[in-house]
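Residue strings, one per chain:
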Amino acid sequence: MDVTPPDPSLPEPPFEQLRAQLASRVASGDLPAGTKLPTVRALAARLGLAVNTVARVYRELEADGVVVTEGRRGTFVASGTIPPDASLAAEEYVVTARRHGLTLPEAQRLVERAWGR
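Rules of the game
- Residues numbered from 1 in each chain as written.
- Predicted model: local features only at pLDDT ≥ 70, side-chain atom pairs only at ≥ 80, totals over all residues.
- Heavy atoms only, no water.
- Helix = DSSP H or I, 4+ residues; strand = E, 2+ residues; numbered from the N terminus.
- Buried < 20%, exposed > 50% of the residue type's maximum accessible area, 1.4 Å probe, protein only.
- Contact = heavy atoms within 4.5 Å.
- Areas by Shrake-Rupley, 256 points an atom, 1.4 Å probe, with all protein chains shown as cover.
- Lys, Arg positive; Asp, Glu negative; His and termini not counted.
- Charge placed at Lys NZ, Arg CZ, Asp CG, Glu CD.
- Axes fitted to C-alpha atoms, helices over the stretch in contact; angles between N-to-C directions.
- Parallel < 35°, antiparallel > 145°, perpendicular 65-115°, else oblique.
- Left-handed = near helix turned anticlockwise from the far one by under 90°.
- Nonpolar A, V, L, I, M, F, W, Y, C, P; charged D, E, K, R; others polar.
- Salt bridge = Lys/Arg side-chain N within 4 Å of Asp/Glu carboxyl O.
- Polar contact = N/O pair within 3.5 Å; in protein donor to acceptor, adjacent residues only side chain to side chain.
- Core = buried A, V, L, I, M, F, W, Y, C linked by side-chain atoms within 4.5 Å.

Student: Please set out the overall build of the protein residue by residue, giving values where relevant.
Tutor: The number of helices and strands found in the protein is five helices and two strands. In the protein, the succession of α and β elements from N to C terminus is α-α-α-β-β-α-α. For the protein, the spread of C-alpha atoms along the principal axes amounts to about 50 × 35 × 25 Å. Taken across its 117 residues, the protein has 27% of its residues classed as buried. Counted over contacts in the protein with a minimum sequence separation of 6, partners at least 24 positions apart contribute 49%. With the model as given, the accessible surface of the protein reaches about 8000 Å², and the carbon-plus-sulfur share is 56%. Taken together, the 14 basic and 14 acidic charged side chains of the protein have centroids lying 5 Å from each other.

Next up, the structure:
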């Protein structure tokens, strides 16, 4: 699996660059469900990052349901199945956001702000 090293000239920290890259590749299907990710140590060494940085990326991706860790077997891309209640909640939020006249970027900012809490 090829991973682009973080770009130190970007304003986002290396952690966020790696997390966004992996999440984006999973969402696009470039990393399909079941793909085994490198170990934390191997990916950290390959990218020149601290082990704790990569471990944090994996933990956050797991908390977001993007990957699953199966003990000694490793970390894998999770199945792409979205729970029905999450889809329903998203649809209800869109209806509410539109009713209040929010634009898509405004609605996304609200979700991102809430996600960070």
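From this point, the narrative continues.
Student: Give me the lowdown on the packing of helix H1 (residues 14–28) against helix H3 (residues 51–63), citing residues and values where you can.
Tutor: Look at H1 against H3: their axes get within 9 Å of each other, and the N-to-C directions meet at 45 degrees. Taken as axis vectors, H1 and H3 run oblique relative to one another. Judged by the twist between their axes, the crossing of H1 over H3 is right-handed. Residues Phe15, Leu18, Arg19, Leu22 and Ala23 of H1 touch H3, and the partners they reach there are Thr53, Val54, Arg56, Val57, Tyr58, Glu60 and Leu61. For the contact of H1 with H3, the residue count by class is eight nonpolar, one polar and three charged.

Student: Please set out the pattern of salt bridges residue by residue, giving values where relevant.
Tutor: Under the criterion given, the structure shown has four salt bridges. Where Arg19 meets Glu16, a salt bridge forms, and the shortest distance between an N and an O atom there is 2.6 Å. Of this pair, Arg19 and Glu16 both sit in helix H1, three residues apart, which is roughly one turn of the helix. Overall, Arg19 belongs to the buried group, its relative accessible area being 18%. The partner of Glu70 in a salt bridge is Arg73, with the nearest N and O atoms 2.2 Å apart.

Student: Please give an account of the side chain of Gln17 that cites residues and values.
Tutor: One can find Gln17 in helix H1. Polar contacts involving the side chain of Gln17 include one to the main-chain amide nitrogen of Asp7, which spans 2.6 Å. Dropping the residues within four chain positions of it, Gln17 is found in contact with Pro6, Asp7, Leu10 and Glu12.

Student: Summarise the nonpolar core; cite the residues concerned and give the values.
Tutor: Counting 18 residues, the largest nonpolar core has Leu18, Leu22, Leu43, Val54, Val57, Tyr58 and Leu61 as the members making the most contacts within it. Broken down by secondary-structure element, the contributors of at least two residues to this core are H1, helix H2 (40–47) and H3. In this structure, Leu18 is in contact with Val3, Leu43, Leu47, Leu49, Val54 and Val57, ignoring residues within four places of it in sequence.

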